[in-house]
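Structural description and commentary
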Amino acid sequence: MAPRVVSIEADGGSRGNPGPAGYGAVVRDPETGEVLAERSESLGTATNNVAEYQGLIAGLTAAAELGAAEVDVRMDSKLVVEQMCGRWQIKHPGLRPLAAQAAALVGRFAAVRFSWIPREQNRHADALANAAMDAAAGRPPASPAAGKPSTTPAAPIIGSDPATAPASWEPRPSFTATRLILVRHGETPYTEQKRYSGRGDVPLSERGRAQARATATRVAELAPTVAAVLSSPLSRCTATAASIAGALGDVPVRTEDDLIECDFGQWEGRTFAEVRQQWPGEMDAWLASPRIAPPGGESFTHVAERANRVITGLLTAYPGETVVVVSHVSPIKLVLRDALAAGDGFLHRLFLDAAGISVLDMWPDGGVAVRTVNDTAHLAAL
């Protein structure tokens, strides 16, 4: 019986770049790890990237011969993974025909998912590629460590430009990103009065509860299937998260202490004008650096550290799935700052509305795509 889903581990390299080159590919049963097929071949003189593409083509060909319907491709070549996902241009003319050949093979399957993996997780394919390189060089097989250089080739410009792609190539989306739907909680009395609201457990107002319901409907439209709903432990977030979870079919809500709002210390419950009047020097220092905390409070640098712990854990726990995160202004701003590679001034220039939605995709290899920031269209009728 033909396997419905298989995984491919593929690699390629050259001794000299260009130099004696070869590739290796392994097709496995993803549940048992059983090797279903192996492919390797010497290529004569070629570059690392050409050999890597040839390894991918050989793996896809073997998977098609096995009759697989879906394929998970795992490679330690960032360039090949990014180009096959359509996030990087294929600028080198020698790679375009190979990318087109791989794309044609991809089209034979119901689904193909590309993932970057560290080289140490690609040892089997790497060993096959090294044996092929040794054969191309006309010498006894070397150890796997003697394979392709560890230096990464210069990255092409990120993006997909149809003018630089082969005629038969259509960029395919990567199905391996973890999608994060970041939701700020609905309004509270402090929100309406524009007061600093940190660790105090201020509940949703009547309008905030209506916003939570509208947000729940919008999130369900964006992501009918959600792996998890995480929330700050404060009630303004858990109430918002509960509405969202209900609209998604009662997905369990998990509270996460690291998603709590910044501790504003002595500024809690005060307006910006009140703080400016009573703590002018401290306010200037706080606005100038995320490392400075309000009197008796917490710095944005510390908030960023704990927010990043949550995001890192989500990428590990829910690879390729969608997760809803309900939190506060500061943690969400800090996640967006890092996702957009923005400076610290971003923190005081970005406005996040109550019940606003931001969406970003994060890939295992560090790729990030920010899809939406502070979407509030679902609140227009309130």
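In short, a report on the structure. (Residues numbered from 1 in each chain as written. Predicted model: local features only at pLDDT ≥ 70, side-chain atom pairs only at ≥ 80, totals over all residues. Heavy atoms only, no water.)

1. So, the sheet that holds strand S6 (residues 178–184)
Read from one edge of the open sheet, six strands run S8-S7-S9-S6-S10-S11, paired in mixed fashion. If you trace the sheet from one side to the other, it starts and ends with strand S8 (253–255) and strand S11 (368–375), each paired once. Strand-to-strand twist of the sheet, defined as the mean angle between neighbouring strand axes without regard to direction, takes the value 20°. Relative to strand S10 (residues 357–362), S6 runs antiparallel, the two being bridged by six bridges. Directly across from Val183, in S10, lies its bridge partner Ile357. Its contacts with the sheet place helix H7 (residues 235–247) against S6, strand S7 (228–231), S8 and strand S9 (322–327), and it is angled at close to 150° to S9. Contacting S6, S7, S9 and S10, helix H10 (residues 300–317) crosses the sheet at an angle of about 140° to S6. (Pairing = 2+ DSSP bridges. Helix = DSSP H or I, 4+ residues; strand = E, 2+ residues; numbered from the N terminus. Axes fitted to C-alpha atoms, helices over the stretch in contact; angles between N-to-C directions. Contact = heavy atoms within 4.5 Å.)

2. Regarding the layout of surface pockets
Estimates place the volume of the largest pocket at around 890 Å³. Residue lining of the largest pocket: 35 residues in total, with Arg184, Arg195, Val329, Lys333 and Phe351 positioned closest to the centre. Elements with a contribution of two residues or more to the lining of the largest pocket: helix H5 (189–193), helix H6 (206–222), helix H9 (280–288) and helix H11 (329–339). The element contributing the most residues to the lining of the largest pocket is H11, with four residues. (1 Å grid on protein atoms, 1.4 Å probe; cavity = no way out; pocket = protein on both sides within 12 Å on 5 of 7 lines; lining within 4 Å. Points joined across faces, edges and corners; volume = space filled by probe spheres on them.)

3. As for the pairing of S7
A two-sided burial pattern is seen for S7, the buried positions comprising Ala228 and Leu230 on one face and Val229 and Ser231 on the other. Note: S7 against S9, four bridges, orientation parallel. Paired with Val229 across the strands is Val324, a residue of S9. Pairing between S7 and S8: three bridges, direction parallel. Considered in S8, the bridge of Ser231 is made with Thr255. Handedness of the crossover joining S7 and S8 through H7: right-handed. (Buried < 20%, exposed > 50% of the residue type's maximum accessible area, 1.4 Å probe, protein only. Right-handed = clockwise from strand over helix to strand, strands pointing away.)

4. Comments concerning the packing of helix H1 (residues 48–65) against helix H3 (residues 96–106)
The N-to-C vectors of H1 and H3 enclose an angle of 20°; their axes lie 10 Å apart at closest approach. One finds that H1 runs roughly parallel with respect to H3. For the pair H1 and H3, the sense of crossing is left-handed. Across the interface between the two elements, Val50, Tyr53, Gln54, Leu56, Ile57, Leu60 and Thr61 from H1 touch Leu98, Ala99, Gln101, Ala102, Leu105 and Val106 from H3. Residue composition of the contact of H1 with H3, grouped by class: 10 nonpolar, three polar and no charged. (Parallel < 35°, antiparallel > 145°, perpendicular 65-115°, else oblique. Left-handed = near helix turned anticlockwise from the far one by under 90°. Nonpolar A, V, L, I, M, F, W, Y, C, P; charged D, E, K, R; others polar.)

5. Describing the side chain of Asn122
Secondary-structure assignment places Asn122 in the loop between strand S5 (111–116) and helix H4 (123–137). With relative accessibility at 0%, the residue Asn122 sits in the buried group. With near-sequence residues (within four places) excluded, Asn122 lies in contact with Glu9, Ala10, Asp11, Arg74, Met75, Asp76 and Ile117.

6. Concerning H7
Taking 1.5 Å as the rise per residue, H7 with 13 residues should run 18 Å; its terminal C-alpha atoms sit 18 Å apart, in good agreement. Looking only at H7, the buried set comprises Arg236, Cys237, Thr240, Ala241, Ile244 and Ala245. The buried residues of H7 occupy an angular sector of 160° when the element is viewed end-on, so they sit on one face. On its buried face, H7 sits against S6, H6, S7, S8 and S9. Backbone geometry just after H7 places Gly249 at a positive phi near 95°. (Expected span 1.5 Å × (residues − 1). Arc of directions from axis to C-beta.)

7. Regarding the pattern of salt bridges
Per the counting criterion, the structure on display carries 19 salt bridges. The closest approach of N and O atoms between Asp126 and Arg119, which form a salt bridge, is 3.3 Å. A salt bridge links Glu221 to Arg218, with the nearest nitrogen and oxygen atoms 3.4 Å apart. Taken together, the positions of Glu221 and Arg218, both in helix H6 and three residues apart, correspond to about one turn of that helix. Glu221 gets classed as exposed once you look at its relative accessible area, which sits at 54%. According to the relative accessible area criterion, Arg218 is partly exposed, its value standing at 26%. (Salt bridge = Lys/Arg side-chain N within 4 Å of Asp/Glu carboxyl O.)

8. Points about the sheet that holds S5
In space, the five strands of this open sheet follow the order S3-S2-S1-S4-S5, with mixed pairing throughout. Strand pairing shows two members of the sheet lacking a second neighbour, strand S3 (35–46) and S5, which therefore form its edges. Neighbour to neighbour, the strand axes of the sheet diverge by 15° on average, direction disregarded. Sheet topology note: the strand S4 (residues 70–75)/S5 ladder contains six bridges and is parallel. Counterpart to Met75 in the pairing with S5 is Trp116. Against the sheet, H1 contacts strand S1 (5–14), strand S2 (19–28), S3, S4 and S5, and its axis sits at roughly 155° relative to S1.

9. Looking at H6
Taking 1.5 Å per residue as the helical rise, H6 with its 17 residues ought to reach 24 Å, and the 25 Å between its terminal C-alpha atoms agrees with that figure. Along H6, the positions that sit buried rather than exposed are Gly208, Ala210, Gln211, Ala212, Ala214, Thr215, Ala216 and Val219. Tucked into the core, H6 has its buried residues touching S6, H7, S9 and S10.

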